[in-house]
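For reference, the chains in residue letters:
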Amino acid sequence: MKKNSITTLLIAVFLCLGQSLSAQNTVEVKLTKQEDAPQISKHIYGHFAEHLGRCIYDGFYVGEDSSIPNTNGVRNDIIEALKELQVPNLRWPGGCFADTYHWKDGIGPKEDRPTIVNQWWGGSTEDNSFGTHDFLNLCEALNAEPYLAANVGSGTVQEFAEWLQYVNHDGISPMAKLRRENGREKPWNVRIWGVGNEMWGCGGNMRPEYYADVYRKYATFMTDWTNSNALFRVASGANSEDYHWTEVLMRDIPKNLIDGVALHHYCVLDWGDKGPDKSFTDAQYFKIMQEAIKMDELITKHTAIMDKYDAEHEIALVVDEWGGWYDGEAKDKGVLYQQNTMRDAMIAGVTLNIFNNWADRVKVANLAQTVNVLQAVILTEGNKMLLTPTYHVMKMYNVHQDATLIPVSFTSPQYTLDGQSLPAVSISASYNEANEKHISLVNIDPTKEHTISIDVDALKIKNVSGMVLTSSDVHDYNSFDNPNKIAPVAFKDFKLKKGKLQITVPALSVVVLEAK
Ligand code: AHR
């Protein structure tokens, strides 16, 4: 063996030893408020509801005549659960469906509406009974801002501009008249608009250079010279690490025409074989965690590109699709129904910590999707409904909505499998207007607890309380027979002494602490 190789081997052994020792050691973290720290936009806690599988039909919407208790056809139990969740915004009608959707087919008397074939998701025929009024009224009931993704791929500028006028114009205009004829006097004032979806794929298979020009044209007719309606216009963004897409959009779209650039990233094993939703292996769990943690690298690199053109951070990064994507057990694979296990709770906790910590660039994000599709927060079966582990994590993290970030920097202990390792612990923290501090900690390691010592001296803390979401097996989930198997409980495994908060974060857990 050459001298260089021996040295490399010794360094590797040393590093491995160091890692296994540090996993048992206390990790030191210091929390200090910073004057110029950004606010964590509540909109990073957004959700997404597409016409896909059983998300809208037989999910949210069961119809006015259903025996399931509903308000204008939308299940009351879902409305209540989402109100509890404090959903800040809801994206609709897609996804890929958005660029096939013609909004005028979904207004007026339901019996007169034409049908639409859902070409991307199983080719089912929909009757358009859930349309613009149904969605926007639902958002009002939820106290959530609507985020409309408009059809660019198969629509026209006129169709888009008319939708805007229909939902937003308060004065006299043909579309405002039509809205009033359909029973709605006042506009809904929709602020957040997506200009197409995945324009590199189902939105039209465009090149970024071409889409940038298409975007400029659509954006021109959305509002006036100065965007006096204060619309938040989102350009369809990159697929994961397609940095060229972001570069071209930032370079070619004038800043006065754009408010956000999107990014989609799913935690997927392999697009050809996504692996099971429930009976995944340890290696598959590790890989999905790797994909979740990758969000940080993606935001870092997309932000670096955005910084070249927008050093002031006036344009937001909008992660309007994220979550885990597996092969569920439904016979019809087009419906994207999957079970939601503790693995998903880990994705949610890790991702939300990343978004919090990137508060100065990420201003909107949407988990895919709300009901019965992908990493859902709610699953339904007939008249039954359950809340998934992901629902509970999102709810626990609500405390960060619109709070001020407390920057965290620390070196995480490692979660190691088959010679590979990942940071086991992730943390984010914030304080709200009442000066309550919240610290979220996630330990993705399914077998080891970790002790974290947080120096909170500068925060002048007197009382601490907490909640934890955990389970003994990463494959655990809430089923219709046992819907409350996984739910948050009070957390007591911490000590506050002389300005130090020492916390033992259980294996496979999400902990949120409140400190006053
Ligand atoms: O969320 C499911 C699909 O994933 C969306 O329709 C599309 O935008 C993405 O590819």
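Residues numbered from 1 in each chain as written. Predicted model: local features only at pLDDT ≥ 70, side-chain atom pairs only at ≥ 80, totals over all residues. Heavy atoms only, no water.

So, on to the overall build of the protein chain. Counting its regular elements, the protein chain contains 10 helices and 26 strands. By residue count, 58% of the 516 residues in the protein chain fall in the buried class. Summed over its atoms, the accessible surface of the protein chain is roughly 21400 Å², and 51% of this surface lies on carbon and sulfur atoms. Distance from the positive charge centre (48 side chains) to the negative charge centre (65 side chains) of the protein chain: 5 Å. (Helix = DSSP H or I, 4+ residues; strand = E, 2+ residues; numbered from the N terminus. Buried < 20%, exposed > 50% of the residue type's maximum accessible area, 1.4 Å probe, protein only. Areas by Shrake-Rupley, 256 points an atom, 1.4 Å probe, with all protein chains shown as cover. Lys, Arg positive; Asp, Glu negative; His and termini not counted. Charge placed at Lys NZ, Arg CZ, Asp CG, Glu CD.)

Taken as a whole and judged by the stated rule, the model has 22 aromatic pairs. Where Tyr266 meets Trp271, the ring centres are 6.4 Å apart and the plane angle is 85 degrees; that geometry is what we call edge-to-face. For Tyr266, a relative accessible area of 8% corresponds to the buried category. The side chain of Lys33 reaches across the aromatic face of Tyr431, ending 4.1 Å from its centre. We note Arg343 situated over the ring of Tyr326; from NZ or CZ to the ring centre the distance is 3.8 Å. (Phe/Tyr/Trp six-rings, centres within 6.5 Å; stacked < 30°, edge-to-face > 60°. Lys NZ or Arg CZ within 6 Å of the ring centre and 35° of its normal.)

Our next topic: the site of the ligand. Neighbouring the ligand are 14 residues, the closest being Glu50, Cys96, Glu198, Tyr266 and Glu321. Glu198 is positioned with one of its side-chain polar atoms (N or O) 2.7 Å from an oxygen atom of the ligand. Contacts to the ligand include Glu321, whose side-chain N or O atom sits 2.7 Å from an oxygen atom. (Near = heavy atom within 4 Å. Polar contact = N/O pair within 3.5 Å; in protein donor to acceptor, adjacent residues only side chain to side chain.)

So, on to the nonpolar core. Counting residues in each nonpolar core, the largest one holds 156 residues, and the members touching the most others are Phe60, Trp193 and Trp322. Sort the elements by how many residues they give to this core and helix H8 (residues 282-309) lands first, with 10 residues. Among the nonpolar cores identified, the runner-up in size contains eight residues, and Tyr147, Val234, Ala316 and Val318 belong to it. (Core = buried A, V, L, I, M, F, W, Y, C linked by side-chain atoms within 4.5 Å.)

Moving on to the sheet that holds strand E2 (residues 46-48). Sheet architecture is closed into a barrel: eight strands sit in the order E2-E5-E8-E9-E10-E11-E12-E13, paired in parallel fashion. Averaged over all neighbouring strand pairs, the angle between strand axes comes to 30 degrees, with direction disregarded. Inspection of the sheet shows strand E11 (residues 260-267) paired to strand E12 (residues 316-324) by seven bridges, in the parallel sense. By the bridge assignment for E12, Val261 is matched with Leu317. The strands that helix H7 (residues 243-252) touches are strand E10 (232-239) and E11; relative to E10, the one it contacts most, it runs at about 150 degrees. Against the sheet, helix H9 (residues 342-357) touches E11, E12 and strand E13 (362-368), its axis set at about 170 degrees to E12. (Pairing = 2+ DSSP bridges. Axes fitted to C-alpha atoms, helices over the stretch in contact; angles between N-to-C directions. Contact = heavy atoms within 4.5 Å.)

The subject of this paragraph is the confidence of the model for the protein chain. Across the protein chain, the average pLDDT comes to 94, with 95% of residues at 70 or higher. Predicted confidence is poor over residues 1-24, with pLDDT under 50, and the contacts of this stretch with residues over four places away or in other chains come to eight contacts. (pLDDT = per-residue confidence, 0-100.)

Here helix H4 (residues 157-168) is 12 residues long and its end C-alpha atoms lie 16 Å apart, about the 16 Å a rise of 1.5 Å per residue gives. The buried fraction of H4 amounts to nine of the 12 residues, a majority that puts the element mostly inside the structure. Every buried residue belonging to H4 is among Val157, Glu159, Phe160, Glu162, Trp163, Leu164, Tyr166, Val167 and Asn168, and all of these are buried. Residues of H4 that are buried make contact with strand E5 (89-92), helix H3 (132-142), strand E8 (145-150), helix H5 (174-181), strand E9 (192-195) and helix H6 (208-220). (Expected span 1.5 Å × (residues − 1).)

Here we come to the side chain of Arg75. Structurally, the position occupied by Arg75 is in strand E4 (residues 74-75). Among the residues examined, Arg75 registers a relative accessible area of 1% and is labelled buried. Among the polar contacts listed, one links the side chain of Arg75 to the backbone oxygen of Asn383, at a separation of 3.0 Å. A distance of 3.4 Å separates the side chain of Arg75 from the backbone oxygen of Lys384, its partner in a polar contact. In contact with Arg75, other than residues within four places in its own chain, are Gly59, Phe60, Val62, Ile68, Pro69, Asn70, Thr380, Gly382, Asn383, Lys384 and Met385.

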